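Structural characterization, general
Take a look at the letters that make up each chain.
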Amino acid sequence: MPNSPLKPPVYRFAPSPNGALHLGHALSALLNADFASAAGGRLLLRLEDIDRTRCRPEFEQAIFTDLAWLGLTFEEPVRRQSEHFSDYEAALDRLKARGLVYPAFLTRGEIRAHVTATEAGGGTWPRDPDGAPLYPGSERTWNARQKEEAVAAAETTGRPYAWRLDMRKACSAIDRPLTWRETGTRPQGGTDNPESAAGAITARPEAWGDVILSRPDAPSSYHLSVTIDDALQSVTHVVRGQDLFHATAVHRLLQTLLDLPEPVYHHHRLILGPDGRKLSKSHRDTGLGALRESGLSAAHVRALLL
C-alpha cells in the first residue's frame, strides 16, 4: 500500500507484558524508531495483553522503563488490547456471518492423541510452519444446526471450545492472488517463493490449517487481534522478527477477508541465545533490565544490535 502524500507512515512496536524485554525486543523497537524517524513517520506503542493470565502490571511498567532507557518515545495513548475486546468480537462476527469459522471442541490432549495414533500406525500428519500439528477435527463439516446445538450444549455444561477459521473456505473466498510486500529478509534456510521477484512474497495461509481466532481463555488470538489493531491504528509498516515471517500469510488472508488495508512488511534478523535458538523471556541474562543493572549503557546496546 503506497503512502499517502498527505499522511506520514505509521510504525508500531507491540510487545506483550508477560515477561522482561530482551535484546531481540530492543532490536525491533530500535528499528521501528529509526525507520519512523528516517521516513518522517509516526511511532506507536501497543501492549498485546490479550492473555490476562500471563500479562502482569509489573511487566508492563518494566516495558516503559526499558524503552525510556533506550531513549525511545511513543505517541499517546498506548493501545492495550485488553481494552478493545469488542473490536475483535466484531471482526469475528463478520467471519461467522460468512460461514468462514466454526466451533472446535478437541482439546490439546485429544489433538495430540489423534496425531500420535496416526503416526504410530505408519501415517504422517501435516504440521504448520512452527511445527504444530494441524487441527484434525470434523466440526468443519457439520451443518449449521449441528454447530448451533454443539455451542449451546457447551455453554450449558461449561465445556471449552474455540472458534477456528475454516482455512479451505477462507482461501476459496479470495478472488485474487494473495501476496505481501516485503522489504526485509526471509528466514535463513527457507525456500519461499524462489520464483518471485524480490519484495513480492506469495502468501500461503493454507500451510497453517484451521487457525484459532478465539478461545475461552483469550477472546482473540494473536492472528486476529494484530490484524485488527494494525488496521484501526492505521499502521502502514510492520517491522518485526523473522519468526513471524510465515504468519504474515494468515494476516494477509484476514486483511483481505475483512477488507482491511495492507501494510508493508519488514522482517528482521533474530537475536540468538547461547543455545542457537531465538531469545525468549526465559533468558534472564539478556533481559534489558538485567543488562542495565550490570552497567551496560543504552548506547552500547544500540552499537551491539545495529
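Residues numbered from 1 in each chain as written. Predicted model: local features only at pLDDT ≥ 70, side-chain atom pairs only at ≥ 80, totals over all residues. Heavy atoms only, no water.

Here we come to the packing of aromatic side chains. Scanning the entire structure with this criterion turns up five aromatic pairs. Ring centres 6.1 Å apart and planes at 25° place the aromatic pair F105 and W142 in the stacked group. Of this pair, F105 sits in the loop between strand 4 (101-104) and helix 4 (108-120) while W142 sits in the loop between helix 4 and helix 5 (144-157); the two residues are 37 residues apart in sequence, bridging distant segments of the chain. The exposure class of F105 is buried, given its relative accessible area of 5%. (Phe/Tyr/Trp six-rings, centres within 6.5 Å; stacked < 30°, edge-to-face > 60°. Helix = DSSP H or I, 4+ residues; strand = E, 2+ residues; numbered from the N terminus. Buried < 20%, exposed > 50% of the residue type's maximum accessible area, 1.4 Å probe, protein only.)

Moving on, we come to the packing of helix 3 (residues 85-97) against helix 7 (residues 222-232). For the pair helix 3 and helix 7, interaxial distance at closest approach is 10 Å and the crossing angle is 105°. Between helix 3 and helix 7, the interaxial angle falls into the category roughly perpendicular. Taken together, the residues of helix 7 that come into contact with helix 3 (itself represented by D87, Y88, A91 and L92) are L224, S225, I228, D229 and L232. By residue class, the composition of the contact of helix 3 with helix 7 is six nonpolar, one polar and two charged. (Axes fitted to C-alpha atoms, helices over the stretch in contact; angles between N-to-C directions. Parallel < 35°, antiparallel > 145°, perpendicular 65-115°, else oblique. Contact = heavy atoms within 4.5 Å. Nonpolar A, V, L, I, M, F, W, Y, C, P; charged D, E, K, R; others polar.)

The next subject is the sheet that holds strand 5 (residues 162-165). Adjacent strands of a sheet form backbone hydrogen bonds with each other and so pair up, either parallel or antiparallel. The sheet built from three strands is open, its strands ordered 4-5-8 with antiparallel pairing. This sheet does not close on itself; its edge strands, each paired only once, are strand 4 and strand 8 (212-214). When the angles between neighbouring strand axes are averaged without regard to direction, this sheet yields 45°. Of the strand pairs in this sheet, strand 4 and strand 5 are connected by four bridges, and their pairing is antiparallel. The residue bridging P103 from the neighbouring strand is W163, located in strand 5. (Pairing = 2+ DSSP bridges.)

On to the environment of E83. With respect to the helices and strands, the residue E83 is situated in the loop between strand 3 (79-80) and helix 3. Given a relative accessible area of 53%, E83 falls into the exposed group. Residues E83 and L244 lie 161 residues apart in sequence; the distance between their C-alpha atoms is 24 Å.

Attention now goes to the pattern of salt bridges. Under the definition given, this model contains 18 salt bridges. Measuring nitrogen to oxygen at the nearest pair gives 2.7 Å for the salt bridge that ties D210 to R140. Of the two residues, D210 sits in the loop between strand 7 (200-202) and strand 8 while R140 sits in the loop between helix 4 and helix 5, which places them 70 residues apart along the sequence. Residue classification places D210 among the buried residues on the basis of a relative accessible area of 8%. Given a relative accessible area of 28%, R140 falls into the partly exposed group. (Salt bridge = Lys/Arg side-chain N within 4 Å of Asp/Glu carboxyl O.)

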